[in-house]
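Descriptive analysis of the structure
Single-letter residue listing:
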Amino acid sequence: MFKIKTKRIADAIGADVLNIDIRQPLSSEQKQALLDAWAQFLVLRFRGQPLTDPQLIAFAENLGQLDPPGPNPQGKPYLPEFPELNVISNIKQNGQAIGGLGDGEAIWHADMTYMNSVPVGAVLHGIEVPPEGGNTYWSNNYMAFTTLPTELKQAIEGKKAIHDSTYNSAGIMRIGMQPVTDVRKTPGAQHALVVRHPRNGKELLFLGRRRNSYIVGMPVDESEALLDELWAHATQADFTMTQQWQRGDTIIWDNFATLHRRDPFDPNTRRLMHRAQIKGFTPVPARMAA
Ligand code: SIN
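In this report, we go over the structure that sits alongside the text. Here the structure is a predicted model, which is why all the values come from computation and not from measurement.

**As for the environment of Glu61**
Turning to its location among the elements, Glu61 is positioned in the loop between helix H2 (53-60) and strand S4 (86-89). Taking the C-alpha atoms as reference points, Glu61 and Asn135, separated by 74 residues in sequence, lie 26 Å from one another.

**Remarks on the sheet that holds strand S14 (residues 203-205)**
Spatial ordering of the open sheet is given by S14-S13-S20, a layout of three strands whose pairing is antiparallel. Looking at which strands have only one partner, the edges of the open sheet turn out to be S14 and strand S20 (284-285). Taken together, the two bridges between strand S13 (residues 194-196) and S20 define a ladder with antiparallel strand orientation. Pairing of Val195 across the sheet is with Pro285, part of S20.

**Re the site of the ligand**
Around the ligand, the surrounding shell consists of Ile88, Leu101, His109, Leu124, Thr136, Trp245, Trp253, His260, Arg262, Arg271 and Arg275. A distance of 3.3 Å separates an oxygen atom of the ligand from a polar side-chain atom of Arg262. Burial of the ligand by the surrounding chains reaches 98%, relative to a free accessible area of 260 Å². Here the shell around the ligand is built from residues that sort into five nonpolar, three polar and three charged.

**Examining the environment of Gly99**
Here Gly99 lies in the loop between strand S6 (96-97) and strand S7 (100-101). Linking Gly99 and Val123, residues 24 residues apart in sequence, is a C-alpha distance of 16 Å. What Gly99 contacts, discounting residues up to four positions off in sequence, is Tyr78, Val87 and Ser89.

Basis of the calculations
- Residues numbered from 1 in each chain as written.
- Predicted model: local features only at pLDDT ≥ 70, side-chain atom pairs only at ≥ 80, totals over all residues.
- Heavy atoms only, no water.
- Helix = DSSP H or I, 4+ residues; strand = E, 2+ residues; numbered from the N terminus.
- Pairing = 2+ DSSP bridges.
- Near = heavy atom within 4 Å.
- Polar contact = N/O pair within 3.5 Å; in protein donor to acceptor, adjacent residues only side chain to side chain.
- Areas by Shrake-Rupley, 256 points an atom, 1.4 Å probe, with all protein chains shown as cover.
- Nonpolar A, V, L, I, M, F, W, Y, C, P; charged D, E, K, R; others polar.
- Contact = heavy atoms within 4.5 Å.

Here it is as structure tokens:
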């Protein structure tokens, strides 16, 4: 009987997995233990296991069906041989970026919540990492919900927010978009602020991304103030973990139950990550207790 060994990264979220070699096919027992640990810790880290792209794809397939990246600013996959993978990098070759998100900050977000169907997770593999900076942080959306003060729970009861599709997390406008001048008309999916996790039914605070967000039906100033309170609550340090990247790290995260952000780093250093995304679900609104 396989027993997974884990070590917490932070009290609120995240664990290192100490006894799975993700370069090898997983047994059904290992796979089940991995899925259970993922559901428990929300973010799992595997250190010191450099992966080839086929190994990354094979490992990610243990978590669900892969969800190839949407169109990038270059209009073609960054890795033509492996179009199911995305590249996150600041590196340029012949003047052209080999991946997305550059070297700046990527603000708190969950991936692609501006779509109706939201990826359930992602796998990020560190191939080249800068000597400092470029740390990534994750926060726990279950904890954000369960600790939400009663008056905030009441204020968002039954409410939906718009999840902006105009900008990516690095502040780069997506192709074909226009600046938003009225948040009530922000393009992007509308999701309930409290949803149930598609795999276990637990309630969580589902914020997506702050920029251009709007709580449907509220006066704009009230929506702004309430969103600011919700975001400050959800991303407080006690609910987060920090990832200082080492070459050969692989992180998997639950994209419903977490938010993530990334620090900027020195543009004269190199950072290269390959990333797989796991197909998801349309979020289901939670009915909160009266
Ligand atoms: C991302 O937001 O998916 C990228 C995070 C990172 O670059 O660490």
